[in-house]
Amino acid sequence: MSPLPISAPPRQPESASGYMLRVLSLNGAHVKEAMAYCRTARSMRPLASDAELFAELTGVPVAWFHNRLPAPHTRDRWREVDLFGRRWRSAWLLRDLHQQVCPVCLREQGIARLEWDLMAYPACHIHKVLLQDMCWSCGRAISPRRPSLEVCNCGGFIAAATGETAAIDPALQAWVAWLSMQLLTDCSAPQPTDLERIAPQVRGLSPDGAFRLIYSFAGGGKAFCGEQMLGGKTWLSSAQMAGLLRDGLAALQAPARGVLLPTKAGTPSALAEQAEAGVTAWDRAVAAREVRRLKLGRRWRNAVPRCPQQQELFEDSL
Ligand SMILES: [Zn+2]
Ligand SMILES: [Zn+2]
């Protein structure tokens, strides 16, 4: 396949899907046309297996796309995804077809940041505002197959400053800043962050493990499904996700303040599941420790940590 006539280098914090939208619209091509060439076109989601094709089209090294496109696989009966050089449990953590943007970043930088691809990142750590996940003109979800980065399928300008941008509280700010740092900086030198002061339990956890710990304390899958149904949507909005993270972080901070909040209905099963299936040995150990600290019943304590390979105990990331 011949490369696109106009090339543009990707920026360091740019997401693969955002970059493809940007470079294709520069060339007057629609993302639907490009996706038609992809092997996974039927599932509508670009995957790491499409990295070579995108590299050929754009002239960008294939490793750049490999790092930024999800590579789903199954490990020991659990479905996992490799993305951003990290391992994640199950693909629902990715926003996929329901994208979100920081309108201020979009106006200032003209690129989509890679953190926006994650459900766990519902607010911008730079501008400290909630991300926008619908078009102000038509009220629909922001599609990855829109004509260009800033323009919705309805023709409306996504980053138009007509909608309100809600400010976020300090705990959520600390969470999104921590998550961004895990994805974009070299983490070989541990740095103390605000999040670790608020919730010391997250120290040493993988980004997926930290998110799942907070999510467990917010009520686990039960809370998430409830929010989804109450919202009448097939997907959690950025605002709903921000609310759940806020609840989870408040519950995680409670022991440090000497308060004991009542455990939410879904917390024991979510923690036990994480103790069994967390993506790193440390993720599983911390969840198991929380199960003991909350004095949950034998039924939950009996979850056996999953260690298919002893070697895994010595890895902390990919
Ligand atoms: Zn921003
Ligand atoms: Zn629209």
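Here's a quick rundown of the structure. All values derive from a computational prediction rather than experimental measurement. (Residues numbered from 1 in each chain as written. Chains lettered and ligands numbered in written order. Predicted model: local features only at pLDDT ≥ 70, side-chain atom pairs only at ≥ 80, totals over all residues.)

### Considering the nonpolar core
Step number 1: Membership of the largest hydrophobic core comes to 80 residues, with the highest contact counts inside it found for Met20, Val101, Ile214 and Leu245.
Step number 2: The element that contributes the greatest number of residues to this core is helix H10 (residues 238-253), accounting for seven residues.
Step number 3: Taken together, domain 1 (16-69) and domain 2 (170-314) each give at least three residues to this core, which thus spans both.
Step number 4: When neighbours within four sequence positions are excluded, Ile214 is seen to be in contact with Leu245, Gly248, Leu249 and Leu252. (Core = buried A, V, L, I, M, F, W, Y, C linked by C-beta atoms within 7 Å. Buried ≥ 20, exposed ≤ 12 C-beta atoms within 10 Å, placed from the backbone. Helix = DSSP H or I, 4+ residues; strand = E, 2+ residues; numbered from the N terminus. Domains from an automatic or database assignment. Contact = placed C-beta atoms within 7 Å.)

### Examining the pairing of strand E3 (residues 86-89)
Step number 1: Here strand E2 (residues 78-83) runs beside E3; their pairing, made up of four bridges, is antiparallel. Each bridged residue has a counterpart across the sheet, and for Glu80 the counterpart in E3 is Arg89.
Step number 2: Linking two consecutive strands that pair antiparallel, namely E2 and E3, is a turn of two residues; a positive phi of about 55° is found at Phe84 within it. (Pairing = 2+ DSSP bridges.)

### A short note on helix H11 (residues 267-277)
Step number 1: In terms of residue burial, H11 counts as a mostly covered element, since eight of its eleven residues are buried.
Step number 2: Along H11, the positions that sit buried rather than exposed are Thr267, Pro268, Ala270, Leu271, Ala272, Gln274, Ala275 and Ala277.

### Focus on the pairing of strand E1 (residues 71-75)
Step number 1: Sheet analysis places E1 next to E2, joined by five bridges and oriented antiparallel. Paired with Ala71 across the two strands is Asp82, which belongs to E2.

### A word on unusual backbone geometry
Step number 1: At Phe84, a position not held by glycine, the phi torsion is positive, near 55°.
Step number 2: Looking at the secondary structure, you find Phe84 in the loop between E2 and E3.
Step number 3: For Lys128, which is not glycine, the phi torsion reads 55° and is therefore positive.
Step number 4: By the element assignment, Lys128 lies in the loop between strand E4 (123-124) and strand E5 (129-130).
Step number 5: Since 18 C-beta atoms lie within 10 Å of it, Lys128 is described here as partly exposed.

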